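# Examination of the molecular architecture
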Amino acid sequence: MKIDIDAFLQSLPIMAVGLLGIFIVTIVIILGIYLLKAVASKSAENAESEDDENVSADETSDEKKESAMDLMKEREKTDFLKEEDHNYISHDL
């Protein structure tokens, strides 16, 4: 097996352009993700401030409504910490 050094040296610039293209595309994707994250967080802040303005008079600012996700996490914690005999596969261990 013989390696053609001249052909390899001629293909190096082509491979370098391809590698540079990969890096450029990766950087563009990363910057796009950061941009979308910034836009989404600003829109969420705007929506939250509008919700705060629309709070009724009987609700105080100290009270916070728990989200469904918070309630699920709390229930999972209590279910996990609760020991029951039927949770074990074998009592021989």
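For the structure, check the block above.
What comes next concerns the included structure. Here the structure is a predicted model, which means the values were calculated and not measured. (Residues numbered from 1 in each chain as written. Predicted model: local features only at pLDDT ≥ 70, side-chain atom pairs only at ≥ 80, totals over all residues. Heavy atoms only, no water.)

Here we come to the overall build of the protein chain. Per the secondary structure count, the protein chain includes 2 helices and 0 strands. By the burial criterion, 0% of the 93 residues in the protein chain qualify as buried. Only carbon and sulfur atoms are counted for the fraction: they give 62% of the accessible area of the protein chain, which is about 9,500 Å². (Helix = DSSP H or I, 4+ residues; strand = E, 2+ residues; numbered from the N terminus. Buried < 20%, exposed > 50% of the residue type's maximum accessible area, 1.4 Å probe, protein only. Areas by Shrake-Rupley, 256 points an atom, 1.4 Å probe, with all protein chains shown as cover.)

A contiguous nonpolar patch, built from M1, I3, I5, F8, L9, L12 and M15 and spanning about 820 Å² of accessible area, is present on the exposed surface. As for its placement among the helices and strands, M1 is situated in the segment before α1 (5-53). (Patch = residues over 30% accessible without salt bridge, like charges linked within 9 Å, V, L, I, M, F, W, Y side chains within 5 Å. Salt bridge = Lys/Arg side-chain N within 4 Å of Asp/Glu carboxyl O.)

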